[in-house]
Amino acid sequence: MDQYRTGRERMVLEQLRSRDIVDEGLLAVMAEVPRHCFVDDAMRGRAYGDHPLPIGAGQTISQPYIVAFMTQALHLTGQEKVLEIGTGSGYQTAVLCRLCSQVYTVERINSLLAGARKVFDQLRYYNIRSKLDDGTVGWPENGPYDAIMVTAGGPEIPEPLIEQLADPGRLIIPVGTQHVQELQLLEKKEGQVEVTNLASVRFVDLVGEHGWGK
Ligand code: SAH
């Protein structure tokens, strides 16, 4: 019995459908993935609220709408190999893994990665591979990726990620200052790269070689 189902269905209706989330496959996945499993016990009652939440180590799980908005922008069809930078709680990873064929996810904080891996196992999400590393250099061994999502904000789009993106491919990342960023969508098509600003957002720092300094 999933006592959180009602909260989750209300989240889909009031925070996603009522705005501009129209991808039915994505809406169905967000009505299924148990977001409360990715936050601390003390926070479970707020897991389906219209806001981000702290997940420890100074990091946050994104607001449900932002997770949906970023996922929708990747136009996943189920066949893709996806790279995610910033596993955090693992919630975004879980949403991605139900909409593509394989997710590779990189996190730089050990305690967060360990927590996320535990939930992936509990929920039997078997198409996720993860590692502890600086994700700004990507994960070259498994590339190219059909889609790349970065869930922390950096000063620019890391060059290695552009290189590891397939053609055609879509990459989404918050780019700006440490206070405010633009959610940028980079599309690679027939050897050309095009960048579009989608929305103003506020994310935690992308820390690494091609991000902010440590
Ligand atoms: N998608 C996550 C969001 C977590 S916040 C969720 O749904 O919970 C962003 C995460 O990016 C943090 O966990 C932070 O530690 C991580 N991060 C920041 N810089 C990174 C880097 N260079 N490589 C990998 N992870 C990074």
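Residues numbered from 1 in each chain as written. Predicted model: local features only at pLDDT ≥ 70, side-chain atom pairs only at ≥ 80, totals over all residues. Heavy atoms only, no water.

**As for the nonpolar core**
Across soluble globular proteins, nonpolar side chains show a tendency to be buried alongside one another.
Inference 1: In this structure, M30, F38, Y91 and V95 are the most contacted members of the largest nonpolar core, which totals 52 residues.
Inference 2: At the level of elements, α1 (5-17), α2 (24-32), β1 (53-56), α3 (64-73), α4 (91-97), α5 (110-122), β6 (145-150) and β8 (181-189) are the ones that each hand at least two residues to this core.
Inference 3: A total of 7 residues in this core trace back to one element, the largest contributor, which is α3.
Inference 4: Once residues within four sequence positions are removed from consideration, Y91 is found in contact with M11, M30, V33, R35, F38, I61 and V67.
Inference 5: Ranked by size, the runner-up nonpolar core spans 18 residues in total, among them I148, I157, L165 and L206. (Core = buried A, V, L, I, M, F, W, Y, C linked by side-chain atoms within 4.5 Å. Buried < 20%, exposed > 50% of the residue type's maximum accessible area, 1.4 Å probe, protein only. Helix = DSSP H or I, 4+ residues; strand = E, 2+ residues; numbered from the N terminus. Contact = heavy atoms within 4.5 Å.)

**Some words on α3**
Inference 1: The buried fraction of α3 is high, at 10 of 10 residues.
Inference 2: Listing the buried residues of α3 in full gives P64, Y65, I66, V67, A68, F69, M70, T71, Q72 and A73.
Inference 3: Just downstream of α3 lies H75, where phi reads positive at about 55 degrees.

**A few points about the site of the ligand**
Inference 1: For the ligand, the set of nearby residues contains 25 residues, the closest of which are S89, E107, D134, G135 and V207.
Inference 2: The contact in question runs from an oxygen atom of the ligand to an N or O atom on the side chain of S89, over 2.6 Å.
Inference 3: In the model, a nitrogen atom of the ligand is placed 2.8 Å from a nitrogen or oxygen of the G135 main chain.
Inference 4: Protein burial of the ligand: of its 580 Å² of free accessible surface, 99% is covered by the chains.
Inference 5: Listed by contribution, the elements that provide at least two residues to the shell around the ligand are β2 (59-61), β3 (81-85) and β4 (102-107).
Inference 6: Of the residues in the shell around the ligand, the class split is 9 nonpolar, 10 polar and 6 charged. (Near = heavy atom within 4 Å. Polar contact = N/O pair within 3.5 Å; in protein donor to acceptor, adjacent residues only side chain to side chain. Areas by Shrake-Rupley, 256 points an atom, 1.4 Å probe, with all protein chains shown as cover. Nonpolar A, V, L, I, M, F, W, Y, C, P; charged D, E, K, R; others polar.)

**Focus: the packing of aromatic side chains**
Inference 1: Taken as a whole, this structure holds 5 aromatic pairs when the rule is applied.
Inference 2: Plain terms: the ring middles of F38 and Y91 are 5.8 Å apart, the flat faces sit at 65 degrees to each other, and that makes the pair edge-to-face. On the criterion of sequence distance, the pair formed by F38 in the loop between α2 and β1 and Y91 in helix α4 is long-range, its members being 53 residues apart. In this pair, the class of F38 matches that of Y91, namely buried.
Inference 3: For the ring pair Y65 and F69, a centre distance of 5.9 Å and an interplane angle of 45 degrees mean the geometry is tilted. Taken together, the residues span about one helical turn, with Y65 and F69 both in helix α3 at a distance of 4 residues. Across the pair, exposure class does not vary: Y65 and F69 are buried alike.
Inference 4: Following the ring pairs from residue to residue traces out a cluster consisting of Y104, W139 and Y145. (Phe/Tyr/Trp six-rings, centres within 6.5 Å; stacked < 30°, edge-to-face > 60°.)

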